[in-house]
Amino acid sequence: RQAQTAGATSTTMSAIGEALDKIYFPSFVSGGGRKGLDVPLLLYFVFWYAGNYFYNIQNKVALKASGGATGFPMTVSALQLGVGVVYALFLWMAPDARKGPILTTKTLFKMLPVAFCTAAAHSASVFALSAGAVSFGQIVKAAEPAFAAVVATAIYGKTISLPKWFCLIPVIGGVCLASVKELDFAYSALISASLANLFAAFKSAENKKLMEDTGLKAELGSVGNQFAVTTILAFLISLPVMILKEGDKMNEFAAMWQTDPVLKRNVVLSGLTFYAYNELATLTLKKTSGVTQSVANTAKRVIIIVGTALVFGESMSFMKMLGCGIGIGGVFLYSSIESLLPSSGEKSKKE
C-alpha cells in the first residue's frame, strides 16, 4: 500500500509541475503597475522541498538496512536511478501521460555531460549520507553556492559581484564551525559531500545550456523529457561503477533484498521521491539561474537538517546549530544582496 501511495504521489507531483506552467496569477504592485505573481514557481519550491525531505529519510533508512557505508551505497544509488528509469518509461508508454522525445545520437551526446554529472553528484551524495549523519552531510552540502560560483566564473565565464563573493564567507565558515564538534564527523562524508557539490554545480550549469538549445528543446519536447533522458543515461553510467565497486558481493545484496522488506520498500520509495522532486527542481531551473537554484537548494537544507536530526536522533549541539545558522544566514545574504545593493547587480551578468 505504501508503494502504491508513493507511486500516486510521484505521479501527482509530476502532473502538478506540468499543470502549474499553464497558470497565471495576476497581482497589483505599488505605483499602479500590474505584474504577474509567479505562484507556480513558488509551488515548485514547496513540492521540491517536501520531496527532498522525505527522500532523505527514506534514503538513510535504505542505507542503514543495506549495511551503511560498508554495505551497498553504490548499489542503492544506482537502484534509485533505476526506479526513476522505470517511472519515466511508464509515463512515455501510458496513454495520454507524456509524449516521448525524438532521440538522435547527436542529442544523446549533447546530454552526456549532464548525465555524467547527475550520476556522479547522486552517488557522491549517497556515499556522504551513508558515511555520516544526514544533518552533517546536508550542512556540508550547504556550501554548494560556493562551488557553483567558482564553476560559473572559472569554467563558464559568468561574472559574480564582489558583495556576493563576500557573502560566501559565512556560508563556508558556518560549515567549518558546524564540523568542529560534530559527533558524527567522518572525513569520507566531508569529501563525498564536497564532490557532490562540485558535480551538482556542473550539472546546473550544463542543464541551463541544454535548456537554451532551441533545437534540443524541440527534439525532447518538454523539460520533463529532458530530465527523464538524463536519468536514463545517468543510470547506464552508474551501472558499471556499481558492478566494479560492489559486484563481487551482489549475492549478499540479493539475499538482503529478498528477506528485508524495509530495504526493498525504502529503495523503491526513495527512488520515486528522488525522481519526482528532481523533476520539479529541473522545472524550477527553467525559470531561474544555476546559482539561484543552488541557493534555493541550500535554503531548504535547514528543514532537512533539523527534521532528519529529530527523526534519526542525530546530534544537535550548540556549535553545530550555530554553524548551521551562520551558513544559512550567508545563503540568505547571497540571494538578497543584489536587491539590497542594486548597483552591484548592474555590474554582473545574469548567471
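Residues numbered from 1 in each chain as written. Predicted model: local features only at pLDDT ≥ 70, side-chain atom pairs only at ≥ 80, totals over all residues. Heavy atoms only, no water.

Points about the overall build of the protein chain
Inference 1: Helices and strands together make up the secondary structure of the protein chain, namely 16 helices and two strands.
Inference 2: Residues counted as buried form 52% of the 351 residues belonging to the protein chain.
Inference 3: Of the contacts made within the protein chain by residues no fewer than 6 positions apart, 85% connect residues no fewer than 24 positions apart.
Inference 4: As displayed, the protein chain offers around 16000 Å² of accessible surface, 68% of which is attributable to carbon and sulfur atoms. (Helix = DSSP H or I, 4+ residues; strand = E, 2+ residues; numbered from the N terminus. Buried < 20%, exposed > 50% of the residue type's maximum accessible area, 1.4 Å probe, protein only. Contact = heavy atoms within 4.5 Å. Areas by Shrake-Rupley, 256 points an atom, 1.4 Å probe, with all protein chains shown as cover.)

Overview of the packing of helix H3 (residues 73-93) against helix H10 (residues 223-246)
Between two packed helices, both the angle of their axes relative to each other and the distance between the axes serve to describe the pair.
Inference 1: Taken N-terminus to C-terminus, the directions of H3 and H10 make an angle of 150 degrees; their axes are 8 Å apart at the nearest point. Considering the angle they form, H3 stands roughly antiparallel to H10. With respect to the hand of their crossing, H3 and H10 are arranged in left-handed fashion. Facing Pro 73, Met 74, Thr 75, Ala 78, Leu 81, Gly 82, Gly 84, Val 85, Ala 88, Leu 89 and Trp 92 of H3, the residues of H10 in contact are Asn 225, Ala 228, Val 229, Thr 231, Ile 232, Ala 234, Phe 235, Ser 238, Val 241, Met 242, Lys 245 and Glu 246.
Inference 2: Looking at the contact of H3 with H10 residue by residue, the classes come out as 15 nonpolar, six polar and two charged. (Axes fitted to C-alpha atoms, helices over the stretch in contact; angles between N-to-C directions. Parallel < 35°, antiparallel > 145°, perpendicular 65-115°, else oblique. Left-handed = near helix turned anticlockwise from the far one by under 90°. Nonpolar A, V, L, I, M, F, W, Y, C, P; charged D, E, K, R; others polar.)

Here we look at the packing of aromatic side chains
Inference 1: Applying the stated criterion across every chain yields a total of eleven aromatic pairs.
Inference 2: With a centroid separation of 6.0 Å and an interplanar angle of 80 degrees, the aromatic rings of Phe 116 and Phe 199 are classed as edge-to-face. Highlighted residues: Phe 116 in helix H4 (residues 105-131) and Phe 199 in helix H8 (residues 187-211), separated in sequence by 83 residues.
Inference 3: Since its relative accessible area comes to 21%, Phe 199 is described here as partly exposed.
Inference 4: Taken together, the aromatic side chains of Tyr 55, Phe 274 and Tyr 277 make up a single cluster linked through ring pairs.
Inference 5: In this arrangement the basic side chain of Lys 249 is found over the ring face of Phe 72, its NZ or CZ atom lying 4.9 Å from the centre. (Phe/Tyr/Trp six-rings, centres within 6.5 Å; stacked < 30°, edge-to-face > 60°. Lys NZ or Arg CZ within 6 Å of the ring centre and 35° of its normal.)

Looking at the side chain of Thr 231
Inference 1: For Thr 231, the location among the structural elements is in helix H10.
Inference 2: Note on Thr 231: relative accessible area 3%, which makes it buried.
Inference 3: Beyond its immediate sequence surroundings of up to four residues, Thr 231 is in contact with Leu 81, Gly 84, Val 85 and Tyr 275.

Looking at the pattern of salt bridges
Pairs may arise between side chains of opposite charge once their charged atoms sit close together.
Inference 1: Tallied over the full model, the rule gives three salt bridges.
Inference 2: A salt bridge links Lys 209 to Glu 206; its shortest N-O distance comes to 3.6 Å. Of the two residues, Lys 209 and Glu 206 both sit in helix H8, three residues apart, roughly one turn of that helix.
Inference 3: Residue Lys 209 is classed as partly exposed on the basis of its relative accessible area of 43%.
Inference 4: Accessibility expressed as a relative area gives 14% for Glu 206, which makes it buried.
Inference 5: Where Lys 245 meets Glu 246, a salt bridge forms, and the shortest distance between an N and an O atom there is 3.9 Å.
Inference 6: A residue is classified by how much of its surface remains accessible, and Lys 245, at 43% relative accessible area, is partly exposed. (Salt bridge = Lys/Arg side-chain N within 4 Å of Asp/Glu carboxyl O.)

Let's talk about the environment of Glu 219
Inference 1: Looking at the secondary structure, you find Glu 219 in helix H9 (residues 214-220).
Inference 2: In this structure Glu 219 comes out as partly exposed when scored by relative accessible area, which is 27%.
Inference 3: Counting along the chain gives 112 residues from Glu 219 to Thr 107, while the straight-line C-alpha distance between them is 8.0 Å.
Inference 4: With residues near it in sequence (within four places) discarded, Glu 219 still touches Pro 101, Ile 102, Thr 104 and Thr 107.

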